[in-house]
Amino acid sequence: MDKSESSDIFTAADNASENGNDVLDSAEHQPFDWDTLQLDQMYVISPATVPQFLHATVKDIRPERWLQNNSVPEYKFIPASMIFLAARFAHHLGTPDFLDSFLAEAIASIIHEVQSHKHDPVSLAFWISNIQTLIYFLKRDSTLVQITSDAQGRMSECMQDAYALLVKAVEFEIEPLIDPSLLAYDSMPELFADVKFEAEKSQRLSMFFFGGQADNTRKSSDGRPLRRSQTLLSQNKDGRGRRSSLIPATKTSPSGGPATASGSVPTWVSCVEHIKGSVSSFKHSTGASITKRTSSCDTYVSGRSSHDNGLSSNGSASVFSTPSPRTVCYILDCLLDLLEICEIHPFVIWGVMRQMFCYLGGEMFNRVLTTRDFCSRSRAMSIRMNLSHISEWVRTNEKRLVPPPV
């Protein structure tokens, strides 16, 4: 299939999805009939056009493009809406095996997209949102809820995989920032200017929490070598750094560079900033806020603009140029905004953010115990002051982090 054919199919899918999505629970149109098939509530496909259909509605989809288009909020659910409308046609007017084969190919295409963008939080959040929406549509349809139970199970497994990849991708960006932003950062260096550390008498007196010398033969629970934390503390008077830290293996991003290079804003953070800016512009131009639907799976929650955080797009570059607790808070804020813009279920949002805090707590605890420079009263006070920024961020966003009652 050449580019012109792909473009025509993609344009046709856009037009059809606009007509199909506008009738899904829209108050401005005829209510969607979940029990019977209406001619304007399906999408006609055939076995021969399924590959082109999935190519246009899954492979060619660019999440950042649809998330920025806030003139029609339902655009962000184009893959879920199109696959659902096509499944209705396949079941009611297709051959008996057509529905199963179509859903199998659709799930395979979604899995491929998730795995192909496993390092991109924006794409992963977009597909988590569409998978959960598609499952909701299938459960809502009285004729598809039973016969698609196996497909719903496979979609749930795919959503769990996307959830795990999303958490891992954000942890990948946060890990190199833990030392310079939280553990070794001095928010008030004048308080500890007069603190002097006793010189070690002998290397033989060095104590390791895990005992013995650290090497690559000792593995952590996830199979990685136990490593000392990289510390950025000041050097001794003789110009040599204190021998106290095992520097972790250099992590590289999928593109081959550092996971989070100093002074560089992660690509997905820049994308979220752009999306938040478009959301803010749309809200101010229309004068209408995005409201929440009564259904828990059809919740529309607006992401806040960068100005709500006191940061502009230029300000975010300065935040990453000099790592501090504010840098970690900004990443958490972008992640929370992204999940809300994608309208992911509140319980999933709660699970992702909870996983982030568990990771931060566990990783910091291990680094403190395995790095002698961090095991002092003055350093404990400094770390506690740095963590107060995280605590303040949690208190500020408490309502957004707590899931609604069941």
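Our subject is the structure that appears above.
The paragraphs below set out a description of the structure included in this document. Just so we're clear, the structure is a prediction, and the values are computed from it rather than from any experiment.

**Quick look at the packing of aromatic side chains**
Using the criterion set out here, one finds 12 aromatic pairs in the structure. The interplanar angle of 40° and the centroid separation of 5.9 Å between the aromatic rings of Trp 34 and Phe 137 together place this pair among those described as tilted. Of the two residues, Trp 34 sits in the loop between helix H1 (3-21) and helix H2 (50-59) while Phe 137 sits in helix H6 (residues 121-140), which places them 103 residues apart along the sequence. The exposure classification of Trp 34 matches that of Phe 137, with both residues buried. When the centroid spacing of 6.3 Å and the interplanar angle of 75° are considered together, the rings of Phe 320 and Tyr 330 count as edge-to-face. In this pair, Phe 320 sits in helix H10 (residues 313-321) while Tyr 330 sits in helix H11 (residues 325-341), placing the two residues 10 residues apart along the sequence. Since its relative accessible area comes to 2%, Phe 320 is described here as buried. Given a relative accessible area of 2%, Tyr 330 falls into the buried group. Of the aromatic side chains, those joined through ring pairs into one cluster are Phe 32, Trp 34, Phe 84, Tyr 136 and Phe 137.

**Digging into the pattern of salt bridges**
In a structure, side chains of opposite charge can pair up when their charged atoms sit close to one another. Overall, the coordinates contain 10 salt bridges when judged by the stated rule. Residue Arg 88 pairs with Asp 141 through a salt bridge whose shortest N-O separation is 2.8 Å. Separated by 53 residues along the polypeptide, Arg 88 in helix H4 (residues 78-93) and Asp 141 in the loop between H6 and helix H7 (149-174) bring together distant segments of the chain. Asp 141 matches Arg 88 in its accessibility class, with the two residues each being buried. Asp 179 serves as the salt-bridge partner of Arg 367, at 3.3 Å between the closest nitrogen and oxygen. Of the two residues, Arg 367 is situated in helix H12 (residues 346-369) and Asp 179 in helix H8 (residues 178-183); the sequence distance between them amounts to 188 residues. When sorted by exposure, Arg 367 lands in the same class as Asp 179, which is buried. What emerges from the salt-bridge pattern is a single network uniting Glu 175, Asp 179, Glu 363 and Arg 367.

Calculation rules
- Residues numbered from 1 in each chain as written.
- Predicted model: local features only at pLDDT ≥ 70, side-chain atom pairs only at ≥ 80, totals over all residues.
- Heavy atoms only, no water.
- Phe/Tyr/Trp six-rings, centres within 6.5 Å; stacked < 30°, edge-to-face > 60°.
- Helix = DSSP H or I, 4+ residues; strand = E, 2+ residues; numbered from the N terminus.
- Buried < 20%, exposed > 50% of the residue type's maximum accessible area, 1.4 Å probe, protein only.
- Salt bridge = Lys/Arg side-chain N within 4 Å of Asp/Glu carboxyl O.

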